[in-house]
Amino acid sequence: MSPTVEDSISLPAPVIAAYSYCETVTGSEARNFAYGIRLLPVAERRAMSALYAFSRRVDDIGDGTLAPEVKADRLGATRDILDRIRDGKVDEDDTDPVAVALADAARRFPIPLGGLDELIDGVLMDVKGVTYETWDDLKLYCRCVAGAIGRLSLGIFGPAPGAPQTEKAAEYADTLGLALQLTNILRDVREDAGNGRTYLPADDLAKFGCSGGFDGPHPPAGSDFPGLVHFEVRRARALFAEGYRLLPMLDRRSGACVAAMAGIYRRLLDRIERDPLAVLRGRVSLPGHEKAYVAVRGLSGFDARQIGRQAGRRRA
């Protein structure tokens, strides 16, 4: 059941402060995500901010400079916090605002908190230096760090009452998360290499002569780096096409939020496809006016209607 306006107004002051902290973290650390969730009603937006702030904490541990064993301990402590939330043992006056906000969100929405355990498992793969030989290997990692977030978000959005085929909603949310994560991997290929990480599958790298890695603004000598990028872009586009089937299952504002976030990443993918070498020169991003256009397009329901028509033609 969705929270009412009265629920929001009657929130205790410490909970409001905790949500405010999470919204500040989201706005400063994840502009694309923050841009999308601003289209949601207040209660859903607050819950999504709490979800992001907890996820950001997990990611920051994995991306930090601590020794691997210390990171593993910190991730274990974070999992302990999640257990306290799950067990209803976080009070509104707890000193951890992220825990307070997420605990309140979990009471109000059917959030599958096990998805955050999956996120922690995925970050532990980073800490252990796991590499990926095949797409199936990488897909497992992507499902942990991004597909799980899609499923967690669906617990907040919820399929719209009476929407068709909602039994597939979690599968589509998961797939859309994979599409976003693969786009992230392409965008950050040089930055990740600088941090000693390679996410693209080893067999894909070998196929295009890129096994030497990406330690500068130029691809490995003799490689077909544009061919590699275009190959992964096609894979991401197929994931987007499948994941976008979630949109007609959502209410208008939730669909607008998802369409805006996914639309921003699809446009990033377009830019990467047009100039594959750009990801070796620096971070590819969208200007604010283009993000605004994507948000308006999502809010209009255009993407959801278009995908709904396509799904109808497939069923006919």
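Thresholds, definitions, all that
Residues numbered from 1 in each chain as written. Predicted model: local features only at pLDDT ≥ 70, side-chain atom pairs only at ≥ 80, totals over all residues. Heavy atoms only, no water. Helix = DSSP H or I, 4+ residues; strand = E, 2+ residues; numbered from the N terminus. Contact = heavy atoms within 4.5 Å. Salt bridge = Lys/Arg side-chain N within 4 Å of Asp/Glu carboxyl O. Buried < 20%, exposed > 50% of the residue type's maximum accessible area, 1.4 Å probe, protein only. Phe/Tyr/Trp six-rings, centres within 6.5 Å; stacked < 30°, edge-to-face > 60°. Lys NZ or Arg CZ within 6 Å of the ring centre and 35° of its normal. Core = buried A, V, L, I, M, F, W, Y, C linked by side-chain atoms within 4.5 Å. Polar contact = N/O pair within 3.5 Å; in protein donor to acceptor, adjacent residues only side chain to side chain. 1 Å grid on protein atoms, 1.4 Å probe; cavity = no way out; pocket = protein on both sides within 12 Å on 5 of 7 lines; lining within 4 Å. Points joined across faces, edges and corners; volume = space filled by probe spheres on them. Expected span 1.5 Å × (residues − 1). Arc of directions from axis to C-beta. Axes fitted to C-alpha atoms, helices over the stretch in contact; angles between N-to-C directions. Parallel < 35°, antiparallel > 145°, perpendicular 65-115°, else oblique. Left-handed = near helix turned anticlockwise from the far one by under 90°. Nonpolar A, V, L, I, M, F, W, Y, C, P; charged D, E, K, R; others polar.

(A) Here's a closer look at the overall build of the chain. Of regular secondary structure, the chain possesses 16 helices and zero strands. When contacts within the chain are restricted to residue pairs at least 6 apart in sequence, long-range pairs at least 24 apart make up 72% of them.

(B) Broad picture of the pattern of salt bridges. As enumerated under the stated definition, the model contains 24 salt bridges in all. Between Asp 96 and Arg 57 there is a salt bridge, with the nearest N and O atoms lying 2.7 Å from each other. Separated by 39 residues along the polypeptide, Asp 96 in the loop between α5 (68-86) and α6 (97-108) and Arg 57 in helix α4 (residues 42-63) bring together distant segments of the chain. We classify Asp 96 as buried; its relative accessible area is 14%. A salt bridge links Arg 235 to Glu 232, with the nearest nitrogen and oxygen atoms 3.1 Å apart. Linking Arg 235 with Glu 232, this pair stays in helix α12 (residues 225-243), spanning three residues, or about one helical turn. Each of the salt bridges in this network shares a partner with another, and the network as a whole consists of Arg 79, Asp 83, Arg 86, Asp 117 and Asp 121.

(C) Main features of the packing of aromatic side chains. Evaluated as defined, the whole model comprises six aromatic pairs. Between the aromatic rings of Tyr 132 and Tyr 199, the centroid separation amounts to 6.4 Å while the plane-to-plane angle is 15 degrees, which identifies the pairing as stacked. Placement of the pair is Tyr 132 in the loop between α7 (114-127) and α8 (135-157) and Tyr 199 in the loop between α10 (189-194) and α11 (202-207), with a sequence separation of 67 residues. According to the relative accessible area criterion, Tyr 132 is buried, its value standing at 4%. Between Tyr 141 and Tyr 199, the ring centres sit 5.2 Å apart and the planes meet at 25 degrees, which makes this aromatic pair stacked. Pair noted here: Tyr 141 is in helix α8 and Tyr 199 is in the loop between α10 and α11, with a separation of 58 residues, a long-range link. The exposure class assigned to Tyr 199 is buried, which follows from its relative accessible area of 8%. Taken together, the ring pairs in this structure connect Tyr 132, Tyr 141 and Tyr 199 into an aromatic cluster. Above the ring of Tyr 244, the side-chain terminus of Arg 266 is found at 5.0 Å from the ring centroid.

(D) Local environment of the nonpolar core. Membership of the largest hydrophobic core comes to 101 residues, with the highest contact counts inside it found for Leu 116, Phe 225 and Phe 240. Sort the elements by how many residues they give to this core and α8 lands first, with 12 residues. If we ignore the near neighbours within four places in the chain, the residues touching Leu 116 are Leu 51, Phe 54, Ser 55, Leu 82, Leu 102 and Leu 152.

(E) Region of the structure containing the side chain of Thr 26. Examined against the element boundaries, Thr 26 turns out to sit in helix α2 (residues 13-29). Polar contacts involving the side chain of Thr 26 include one to the main-chain carbonyl oxygen of Cys 22, which spans 2.9 Å.

(F) Inspection of the side chain of Ser 55 at higher detail. Among the secondary structure elements, Ser 55 is positioned in helix α4. If we skip the residues at most four places from it in the chain, Ser 55 touches Leu 116, Leu 119 and Ile 149.

(G) Quick look at unusual backbone geometry. Phi at Gln 165 is positive, roughly 55 degrees, even though this residue is not glycine. Of note, Gln 165 is situated in the loop between α8 and α9 (169-187).

(H) Region of interest: the environment of Ala 105. Within the secondary structure, Ala 105 sits in helix α6. If we skip the residues at most four places from it in the chain, Ala 105 touches Tyr 19, Ala 47 and Ile 111.

(I) Structural detail: empty space enclosed by the protein. The final tally for this structure, using the stated rule, is two cavities of 30 Å³ or more. Approximately 50 Å³ is the volume found for the largest cavity. Lining of the largest cavity is provided by Ile 185, Val 189, Asp 192, Ala 193, Arg 197, Thr 198, Tyr 199, Leu 200 and Phe 214. The greatest single-element share of the lining of the largest cavity, amounting to three residues, is contributed by α10.

(J) Structural context of α2. The terminal C-alpha atoms of α2, which comprises 17 residues, lie 24 Å apart, in line with the 24 Å expected from a rise of 1.5 Å per residue. Among the residues of α2, those classed as buried are Val 15, Ala 18, Tyr 19, Cys 22, Val 25 and Thr 26. Across the axial projection of α2, the buried residues extend over an arc of 115 degrees, all falling on one side. Opposite the buried face of α2, by more than 90 degrees, sit the exposed residues Ala 13 and Thr 24.

(K) Spotlight on α9. The terminal C-alpha atoms of α9, which comprises 19 residues, lie 27 Å apart, in line with the 27 Å expected from a rise of 1.5 Å per residue. Of all 19 residues in α9, 17 are buried; the element is thus mostly enclosed.

(L) Main features of the packing of α4 against α6. Interaxial distance between α4 and α6 falls to 9 Å at its minimum, and their mutual angle equals 135 degrees. Taken together, α4 and α6 sit at an angle that is classed as oblique. Taken as a pair, α4 and α6 cross one another with a handedness that is left-handed. Judged by residue contacts, Ala 47, Ala 50, Leu 51, Ala 53, Phe 54 and Arg 57 of α4 engage Val 98, Ala 101, Leu 102 and Ala 105 from α6. The residue inventory of the contact of α4 with α6, partitioned by class, reads nine nonpolar, no polar and one charged.

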